[in-house]
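Results of the structural survey
Each chain is listed here by its residues.
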Amino acid sequence: MYKHILIPTDGSVLSAKAIEQAIGLAKSIGAQVTGLTVSSPFHTFALDPLMLSDTPEGYKKDCEARAEKFLGAITGAAKAVGVQARAAHVVADHPYEAIIDTA
């Protein structure tokens, strides 16, 4: 059966539900999990409000803090039920591509 489950997250309520279900499945079948979150790269010209008033260094710091929070939800929930977990933060223009590449 499944030995390793990838759990992408964007920190949303829907992601929280998916995390809960995925960790429950992993626990029941003895699988490990990898949590993944994707940040967009900094662009000089952008419509994203996070990029409009930020420097590349500040934006990177904010993305890392957000990733730590999002991935901490996965690793913490996994640890609580005895599931082995890893975390990955990827920077990519298209989250779906990063998810596929990680899988």
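Anything mentioned here points back to the structure above.
Our subject in this report is the structure included herewith. Going along each chain's sequence as written, the residues are numbered from 1 onward. Confidence filtering applies because this is a predicted model: local features only for residues at pLDDT of at least 70, side-chain atom pairs given and counted only at 80 or more, and all residues used for totals across whole chains, interfaces and linings. Computation of side-chain values: all heavy atoms of the structure, hydrogens and water removed.

**Quick look at a nonpolar patch on the surface**
On the surface, a nonpolar cluster with roughly 460 Å² of combined accessible area is contributed by Met1, Tyr2, Leu25 and Ile29. Here a helix means four or more residues in a row that DSSP labels H or I, a strand means two or more in a row labelled E, and each is numbered from the N terminus. Following the sequence through the fold, isoleucine 29 ends up in helix 1 (residues 13-29). For patch detection, residues must exceed 30% relative accessible area and be free of salt bridges, and they are connected within 9 Å for like charges or within 5 Å for nonpolar side chains (Val, Leu, Ile, Met, Phe, Trp, Tyr). Throughout, the Shrake-Rupley method with a 1.4 Å probe supplies accessible areas, and for residues the shown protein chains are the sole cover considered. Whenever Lys or Arg places a side-chain nitrogen within 4 Å of a carboxyl oxygen from Asp or Glu, that contact is recorded as a salt bridge.

**Here we look at the side chain of threonine 9**
Position of threonine 9 among the secondary structure elements: in the loop between strand 1 (4-8) and helix 1. Taking the relative accessible area as the measure of exposure, threonine 9 reaches 7% and is therefore buried. Two N or O atoms form a polar contact when they lie within 3.5 Å of each other; inside protein one atom must be a possible hydrogen donor and the other a possible acceptor, and for residues adjacent in sequence the pair counts only when both atoms belong to side chains. For threonine 9, the side chain forms a polar contact with the main-chain nitrogen of glycine 11, separated by 3.1 Å. The contact criterion used is simple: two residues touch if any of their non-hydrogen atoms lie within 4.5 Å. In this view, threonine 9 contacts Ser15, Ile19, Leu36, Thr37, Phe70, Leu71 and Ile74; residues no more than four positions away in its chain are not counted. Remark: exposure states derive from per-residue accessible area (1.4 Å probe, protein chains only) relative to the maximum for the residue type, with buried under 20%, exposed over 50%, and partly exposed in between.

**Re the pairing of strand 2 (residues 32-39)**
For a regular strand, side chains alternate in direction, first toward one face of the sheet and then toward the other. Taking burial as the measure, the 8 residues of strand 2 include 6 buried ones, the bulk of the element. For crossovers, right-handed means that the path from the first strand over the helix to the second runs clockwise, given strands pointing away from the viewer. Crossover strand 1 to strand 2 through helix 1 is right-handed. Both strand 2 and strand 3 (residues 85-91) contribute to a ladder of 7 bridges, which runs parallel. Opposite threonine 37, over in strand 3, you have histidine 89 as the bridge partner. Two strands form a pair only when DSSP identifies at least two bridges running between them.

**Considering the nonpolar core**
Core analysis: the largest hydrophobic core is formed by 13 residues, its most contacted members being Ile5, Ile7, Ile23, Ala26, Val33, Ile74 and Val83. Of all the secondary-structure elements, those providing two or more residues to this core are strand 1, helix 1 and helix 3 (56-81). Beyond its immediate chain neighbours, meaning those up to four positions away, valine 33 contacts His4, Ile5, Ile7, Ala26, Ile74, Ala78, Val83, Gln84, Ala85 and Arg86. For this analysis, a nonpolar core means a set of buried residues of the types Ala, Val, Leu, Ile, Met, Phe, Trp, Tyr and Cys, connected via side-chain atoms within 4.5 Å.

**As for the environment of cysteine 63**
Among the structural elements, cysteine 63 can be located in helix 3. If near-sequence neighbours (up to four positions away) are discounted, cysteine 63 is found in contact with Ser39 and His89.

**A look at helix 3**
What a helix is expected to span follows from its residue count: subtract one and scale by 1.5 Å. Relative to the 38 Å expected for 26 residues at 1.5 Å per residue, helix 3 spans 38 Å between its end C-alpha atoms, a close match to the ideal helical length. Inspection of helix 3 places Gly58, Tyr59, Cys63, Ala67, Phe70, Leu71, Ile74 and Ala78 among the buried residues, and these make up the whole buried set. At the C-terminal side of helix 3, glycine 82 shows a positive phi close to 80°.

**A few points about the pairing of strand 1**
Only one face of strand 1 is buried, namely the one carrying Ile5 and Ile7, since none of His4, Leu6 and Pro8 on the opposite face is buried. Sheet topology places strand 1 next to strand 2; 5 bridges connect them, and they run parallel. Following the sheet pairing, isoleucine 5 is matched in strand 2 by valine 33.

**Some words on helix 1**
The periodicity of an α-helix, 3.6 residues per turn, causes residues three or four places apart in sequence to face the same way. An ideal rise of 1.5 Å per residue puts 24 Å on 17 residues; helix 1 measures up with 25 Å between its terminal C-alpha atoms. Looking only at helix 1, the buried set comprises Ser15, Ile19, Ala22, Ile23 and Ala26. Down the axis of helix 1, the smallest arc covering the buried residues is 100°, so these residues share one side. Helix 1 presents Val13, Leu14, Lys17, Glu20, Gln21 and Ser28 as exposed residues on the side facing more than 90 degrees away from its buried surface. By arc we mean the arc of the directions from the helix axis to the C-beta atoms, nothing more.

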